[in-house]
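Here are the chains, one letter per residue:
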Amino acid sequence: VKYVPWMCLRLRDSIPGTRANYILSIEGMFKQLFIAYGCSITWFTVACRPILFIDSCHLTAYYRGVLMSVCALDANNGLYPLTYSFASSENDDDWLWFFQELKHIVGLEMKCSKVYYKIWYPQYQPMMSQVWESYQSLQFQTTWDKVTAL
């Protein structure tokens, strides 16, 4: 846990435009980590199609948790890795945090026409649909405009 803040700082300092954020629990334990490299973000906005593929998988080794990832479709119809995130569990709060971080990368200037996501647990399907609908809604755009104006 003590290396996570150092690693995030080093990534942001060494790769311009990189977004590396983390959250620790009240007890100081690891909770969430989000990483998107600046070069990936730049290339996504320049050369990728407005289609996102969102996936997650459970980590079952010594360090348990969830790996969440987002890929885009490039000009050669290949998957282009955009970002990844680690979370201590797969729940609504972790997904919401992940999408809030993703919002800063995709932004409103890039309108994604399709989002594909694969979630094995049916209870998360409605939540994912609601998150994406709110992402595209006018209310979200109005709120985002207020945030960017600060």
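Residues numbered from 1 in each chain as written. Predicted model: local features only at pLDDT ≥ 70, side-chain atom pairs only at ≥ 80, totals over all residues. Heavy atoms only, no water.

## Looking at the overall build of the chain
Point 1. What the chain contains, in helices and strands, is five helices and six strands.
Point 2. Each helix and strand of the chain, ordered N terminal to C terminal, gives the series α-β-β-α-β-β-β-α-β-α-α.
Point 3. In the chain, the proportion of contacts linking residues at least 24 apart, taken out of those at least 6 apart, comes to 56%.
Point 4. Counting only carbon and sulfur atoms, one obtains 60% of the accessible surface of the chain, whose full area is about 9,200 Å². (Helix = DSSP H or I, 4+ residues; strand = E, 2+ residues; numbered from the N terminus. Contact = heavy atoms within 4.5 Å. Areas by Shrake-Rupley, 256 points an atom, 1.4 Å probe, with all protein chains shown as cover.)

## With respect to the pairing of strand S4 (residues 65-73)
Point 1. When you tally the buried positions in S4, you get seven out of nine residues, the bulk of the element.
Point 2. Taken together, the nine bridges between strand S3 (residues 49-59) and S4 define a ladder with antiparallel strand orientation. Across the sheet, the residue bridging to Ser 56 is Met 68, located in S4.
Point 3. Inspection of the sheet shows S4 paired to strand S5 (residues 79-87) by eight bridges, in the antiparallel sense. Bridge assignment links Val 66 to a residue of S5, and that residue is Ala 87.
Point 4. What sits between S4 and S5 in their antiparallel hairpin is a turn of five residues, with Asn 77 showing a positive phi close to 60 degrees. (Buried < 20%, exposed > 50% of the residue type's maximum accessible area, 1.4 Å probe, protein only. Pairing = 2+ DSSP bridges.)

## Points about the pattern of salt bridges
Point 1. Tallying each qualifying case throughout the model produces one salt bridge.
Point 2. In this structure, Arg 19 and Glu 101 form a salt bridge, with 2.8 Å as the shortest nitrogen-oxygen distance. Linking Arg 19 in strand S1 (residues 19-24) with Glu 101 in helix H3 (residues 92-106), this pair joins segments that are 82 residues apart in sequence.
Point 3. Its relative accessible area of 8% is what places Glu 101 among the buried residues. (Salt bridge = Lys/Arg side-chain N within 4 Å of Asp/Glu carboxyl O.)

## Some details on the packing of aromatic side chains
Point 1. Inspection of the entire model under this criterion finds seven aromatic pairs.
Point 2. On the basis of an interplanar angle of 75 degrees and a centroid distance of 5.8 Å, the ring pair of Phe 98 and Phe 99 is categorised as edge-to-face. Phe 99 matches Phe 98 in its accessibility class, with the two residues each being buried.
Point 3. Here a set of aromatic residues connected by ring pairs shows up, and it is made of Phe 34, Trp 95, Trp 97, Phe 98 and Phe 99. (Phe/Tyr/Trp six-rings, centres within 6.5 Å; stacked < 30°, edge-to-face > 60°.)

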